[in-house]
Every structure is written in structure tokens, then in C-alpha cells.
Amino acid sequence: MSISSLRKIVSKVVPHRPTPPPPVAASTRVDYHRLAEIAEEKALAFQHAKGKQTARERLAALLDPDSFVEIGEFAGGDVTKGFLGAAVITGFGEIAGRQVAVYAQDFSIRGGTLGAAEGQKILALMDKAMALRIPLISLLDSGGARIQEGVMALSQYGRIFKKTCQASGMIPQISLILGPCAGGAVYSPALTDFIIMTKENSHMFVTGPDVVRAVTGENVSLADLGGGQLHNFQSGVAHYLAEDEEDALDYVRSLLTYLPSHCDELPPHYDYTPSKDDELAAAEVGSIVPAESRQPYDIVKVIEHLVDYGEFVQIQENFAASIVIGFACINGSSVGIVADQPNHNAGTLDVDASEKAARFVRCCNAYGIPIVTLVDVPGYRPGTEQEQAGIIRRGAKLIFAYANASVPMVTVILRKAYGGAYIVMGSKSIGADFTYAWPNAEIAVMGAEGAVNILKRREIKAAGPDKKDMAEAAARLAAEYQAESINPNLSIQTGELDGIIDPSTTRQAIAESLEVLRSKDRSHPGPKRHSNGPL
Ligand code: HXC
């Protein structure tokens, strides 16, 4: 029977559910490859009916053509029960010519669930990825632990969690959620470096809608409980919200262009020929930032004016929008960028922004990617809501991340840097190698009005009792204070800043600094087991 006639039969007989290949008696000699063809045809019908690709289609779309080498294709199968292989495909392939390890859960086989065999295949692949020191990419689409296998299935997850932690910071680990990711199984991607979800069909939750209903009485949809929108905009679990599977796979390929294959490899460097467009963009960057320090603007535009070809790959774009993080290249070398976003809540640091940036700084540090910090921050966000949300504990994470980072770090203060946020955002004292400020930058413990209300309290009172007179005195004193004290002069005298630079030379200053720091010694044999930071 030809494949095309098979396809007709499949679409007629199996519109929604994949029947496994017919059970084969134990004594029969099995034509595995023929059965595999039939199984894939059925998987096609099953997955396409759900608006999803099959595991094999996904692998073909992710990897360079013909580069996939599968391992253990039929391991974990039992043809006598109609299962040709385990519910996960594992192997190696190339992305832009670089080797990666990859596994794809196959929802058409027992709901992509994880049992002993699937666990063994994934664990073996992870061992190989670490031995080969290559990135590990997982394509997840699964009902979670296979209920029939009980505690054994749970233990396999435990082993995968442990190995994921072992690999964390050694090789990049990227998870794509392309279907359900249910129960404790969500912690498998949660432990990896990046999680990518799609707008449709991508769900992550610790307890599904049925359990929620049973336990709390709450009626909630799959999307509201664990859809891509929720985890990108609200929870911050995911790092990218893809339009569809194709977009999700594209994003993985983009991410990898900025990451080394392992922690001891230098980050990627590309041939870069200085272009007129980049020079022009860099020269004009000052015109994007309004002089008035409270006026909002889009920091992403500033970043795009400073990096090679204006290409900036944002991470967690939709979450904690008062800070922007992502990868770009400067003179062909990969850098991580952390920048305040004045367009959102004036760029204040809040609990989510602190955690978002902290995780990214640690990620860059783990993989040896230099960090460029662009500062325009009025301070930590004040108020009971933030204090109650734990701004002390969670804000400390960003300090911890910068203070422990040993990669080259260059910081530029564009317009303002006040209070604790000045210190936290990659200041010299927290560990930056080189720090610069634009000429009109405001650097101080607090704004002029707040400062004179404390320092010149008596003088302002003496101008009274008329309130108007007092307000005028306060405004005059604030203006004097602003002119005298809120500028980069003190910082440059004390060595907190290495230079006051014209905005048009920002790209050049960053590029030259990174060049100087290229051979920075990163070895630090610590006298302790590990630090005990605010996790
Ligand atoms: C065994 C499972 C399964 C599971 C799905 N299936 N989940 N089999 N164990 N956990 C089977 C179904 O019975 C079905 O088999 C096939 O997979 C496809 O599932 P459907 O339900 O038909 O698909 P769909 O309608 O798309 O719904 C997908 C789903 C739903 C939302 C994932 O199946 C579901 O809610 N499953 C349970 C999810 C869950 O609670 N998992 C948590 C497990 S605990 P047939 O034979 O009918 O085709 C866990 C802990 C991890 O993961 C360890 C932490 C330490």
C-alpha cells in the first residue's frame, strides 16, 4: 500500500485520535520502519486536528535540514501492545551548523506522558549533552507523569529535575511548550534557562482546571489557568510569547545565536563590517531621549540605535515592562543588555522588574556574556503594595546578581540615576568595570525637591508663614540644589564614573570598553561552598 493511499485511509478512519499501530504477536518479525511510517501518518492526523505539528515535524522545522540523528527510536516500545516506541523522540542535530541535543515529546503516543522509558531516554540525552557540552532543547507536549506507572514516573521527573539543575549554567537549556505541560512536570522547563510558549495550544499549570474546580470550586479555562498570555504578561514564567509553533522555533534559533554552546566557550562572535547605517544611528541616539527628565520615551529605540544592525532580541518583553532585557551584538560580539524603560511606570524598579533583571544578569554571567546596562531610573517603586510584595527580599536579588557577576560589565547613565536604584543598576560600586554618564545626567540620593525639604527645612519655614512664600523658597532652593549637586561631577571626581560622554559616542565608548575587557580574568576560587543569596 502506498503512503498516499494510506493517508486517505488515515484521514477517513482516524480524524481525532491516533490508534496505535496494530498489536503484533511476540513471535512475528517486525518491520519497524514500515510501522514507523504508519505511526507518523496517524500522528499527523491526530496532531493536525488539534492545530499542532507532530514531534517529527517540529524537529524537522527546528533543525538544519537532514541534520537530525535520532537515538533509541524504538526504545521503550512494546509492539505486542501496539506501542512502537516511547512517547519521546531524542537525538542530536544542528542549528546554524552548531550541534544541539534535542528531545520532543510525542503527544500522539499515550498523550506524550512520561514513564520509565521516556525518563531513561531523556536522562541519557541530558548526560550526552553535558558530556558533549552542547545546548539542550526540549519540545514539550505531554499529559505529565504517566498515571499507570505511578511513583516510577514521578521519580523519573525527580531525576530529570536533578539533572537539569546539574546542567544549569553549564549548557544552555531551552524549553518550548507546544501543548499541555501539566502537574509537577512544569518544573522541568521551569528549571531551564528559557521557556517559550505559543499563543494557542500552550498550557502550563501545576493543577489542571478539573482539580481546581474540585478543590476550590473555581471554574477556570485552560488559557486563564496556564495559557501563553498569562505566563508571558502576568506570572513571568515564560520568556517569549510566540505567534505559533513556527515563530517559537525561530525564536530558539535566534536565542542560540547569542549563546555559547557551554559555559567555558567564548560567546559567539560574528564578522562585523562597520556600516554607515549603524554609525548614523549611533550618532543620533541622543535625540531619542528627551531632556526633561520626567518625560517618557522608549528605551528599546535607544538600544536599537546602539547595537549592530539595530537587532535586539528581547526576553520577557511582556513582563515587568519597566525594565528591558535581551541580547544584541556590538562589533560582532554577543552582549546582554539591561535597561530601564521610562515608558512604563517611569522606569521604576519593582519586585518583578528586579527578579526579571536579576535572572538575566545571572544567565549572562553563567554563559560569559558581557553585560551592558543603560540607566534611566528614578528609584525603587515606593508604596505599601511593593513593600508588601517583598521589594526588600526581591529587590535584593538584583544586587546579588550584579555583585556576583564576573563578566565584563559596562554601564551608561543616560538621564538619571537616583538612590538605591543607581547603585543597583550596574554601578561601579556594585561591580561594573567601566561606567559612563551623559553630560546632563542626574545622579543623587534623591530628587532636588525631596532633598531640600530635608536639608533646607528651616530656611523654607523661615520664608513663611505665607504658604506661597514658602513654596517659592522651596522651588528656588531646589533649583540651586539641582544645579550644584544633581550632576555627574561628584561621581567623576570620586571615580564612580569613568567618563562623561557625549551621547553620540555611546556606542563607541561601550565597544572600546568591551574590547579592553575581553581578557578579563573570571576565575575566582571561592573559600565557601556557595553563597546564600535571596533566591
Ligand atoms: C496517562 C494520560 C495522561 C497521564 C493524558 N493521558 N494524560 N495517560 N497519564 N497523565 C492520555 C489520555 O488518557 C489519552 O489516552 C491521551 O493521553 C490523550 O489525552 P486526552 O485527554 O485525550 O487529550 P486532550 O483532550 O488534548 O487533553 C490533554 C490533557 C489531559 C489536558 C493533558 O489529558 C489531562 O488533563 N491529562 C492529565 C494531566 C495531569 O493532571 N497530569 C499530571 C500528572 S502528575 P487515550 O488512550 O484515551 O488516547 C505529574 C507530576 C510530575 O505530572 C512529577 C512532579 C514531581
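Residues numbered from 1 in each chain as written. Predicted model: local features only at pLDDT ≥ 70, side-chain atom pairs only at ≥ 80, totals over all residues. Heavy atoms only, no water.

Peer 1: Would you mind showing me how to read a nonpolar patch on the surface here?
Peer 2: Taken together, the side chains of Val445, Met446, Ile454 and Leu455 define a hydrophobic patch exposed on the protein surface, amounting to about 410 Å² of accessible area. Its place among the elements puts isoleucine 454 in helix H17 (residues 448–455). (Patch = residues over 30% accessible without salt bridge, like charges linked within 9 Å, V, L, I, M, F, W, Y side chains within 5 Å. Areas by Shrake-Rupley, 256 points an atom, 1.4 Å probe, with all protein chains shown as cover. Salt bridge = Lys/Arg side-chain N within 4 Å of Asp/Glu carboxyl O. Helix = DSSP H or I, 4+ residues; strand = E, 2+ residues; numbered from the N terminus.)

Peer 1: Looking at this structure, I do not really get the nonpolar core. What am I missing?
Peer 2: Note on soluble globular proteins: their nonpolar side chains tend to be buried together. Among the nonpolar cores identified, the biggest contains 66 residues, and Ile137, Phe327 and Val338 are the most heavily contacted of them. What isoleucine 137 contacts, discounting residues up to four positions off in sequence, is Leu62, Ile95, Val100, Ala101, Val102, Tyr103, Ile174, Leu176, Val252 and Leu256. Membership of the second largest hydrophobic core comes to 30 residues, among which are Val372, Trp438, Ala509 and Ala511. (Core = buried A, V, L, I, M, F, W, Y, C linked by side-chain atoms within 4.5 Å. Buried < 20%, exposed > 50% of the residue type's maximum accessible area, 1.4 Å probe, protein only. Contact = heavy atoms within 4.5 Å.)

Peer 1: Is there a simple way to think about the packing of helix H2 (residues 32–49) against helix H3 (residues 55–62) in this case?
Peer 2: Any two packed helices are characterised by the angle at which their axes cross and by the distance between the axes. Between H2 and H3, the least distance of the axes is 9 Å, while the angle of their chain directions is 85 degrees. Judged on the interaxial angle alone, H3 and H2 are roughly perpendicular. Note on element contacts: H3 touches H2 through Arg56, Glu57 and Arg58, opposite Glu40, Leu44, Gln47 and His48. Considering only residue class, the contact of H2 with H3 consists of one nonpolar, two polar and four charged. (Axes fitted to C-alpha atoms, helices over the stretch in contact; angles between N-to-C directions. Parallel < 35°, antiparallel > 145°, perpendicular 65-115°, else oblique. Nonpolar A, V, L, I, M, F, W, Y, C, P; charged D, E, K, R; others polar.)

Peer 1: Help me out: how do you make sense of unusual backbone geometry in this one?
Peer 2: Among all residues save glycine, negative phi is the norm, and among peptide bonds the norm is trans. Residue proline 465 is reached from glycine 464 by a cis peptide bond, and omega for that bond is 10 degrees. If you trace the backbone, proline 465 turns up in the loop between helix H18 (457–462) and helix H19 (467–485). Notably, tyrosine 309 is not glycine yet its phi reads approximately 55 degrees, a positive angle. Along the chain, tyrosine 309 turns up in the loop between helix H12 (299–306) and strand S9 (313–315).

Peer 1: Sorry, what's going on with the pattern of salt bridges here?
Peer 2: Close approach of charged atoms lets side chains of opposite charge pair. Counting across every chain of the model gives 26 salt bridges. A salt bridge links lysine 397 to glutamate 355, with the shortest nitrogen-to-oxygen separation between them at 2.8 Å. You can see lysine 397 sitting in helix H15 (residues 391–404) and its partner glutamate 355 sitting in helix H13 (residues 351–366), a full 42 residues away along the chain. What makes lysine 397 buried here is its relative accessible area of 16%. Taken together, the shared-partner salt bridges connect Lys52, Arg58, Asp141 and Glu245 into one network.

Peer 1: Can you help me understand the packing of aromatic side chains in this one?
Peer 2: In this description, a pair of aromatic rings is defined by centroid distance and the angle of the planes. Summed over all chains, the structure comprises eight aromatic pairs. For the ring pair phenylalanine 46 and phenylalanine 107, a centre distance of 6.0 Å and an interplane angle of 10 degrees mean the geometry is stacked. Here phenylalanine 46 is found in helix H2, whereas its partner phenylalanine 107 is found in the loop between strand S3 (98–105) and helix H4 (116–132), with 61 residues between them in sequence. The two residues phenylalanine 46 and phenylalanine 107 agree in class, both being buried. A ring pair is formed by phenylalanine 327 and phenylalanine 360, whose centres lie 5.2 Å apart and whose planes are at 55 degrees; its orientation type is tilted. With a gap of 33 residues between them, phenylalanine 327 in strand S10 (residues 323–330) and phenylalanine 360 in helix H13 connect regions that are remote in the sequence. Across the pair, exposure class does not vary: phenylalanine 327 and phenylalanine 360 are buried alike. Among the aromatic side chains, those forming a connected cluster through ring pairs are Phe194, Tyr258, Phe327 and Phe360. A cation sits over an aromatic face here: lysine 52 above phenylalanine 107, 4.2 Å from the ring centre. Positioned over the ring face of phenylalanine 83 is arginine 110, at 4.1 Å from the centre of the ring. (Phe/Tyr/Trp six-rings, centres within 6.5 Å; stacked < 30°, edge-to-face > 60°. Lys NZ or Arg CZ within 6 Å of the ring centre and 35° of its normal.)

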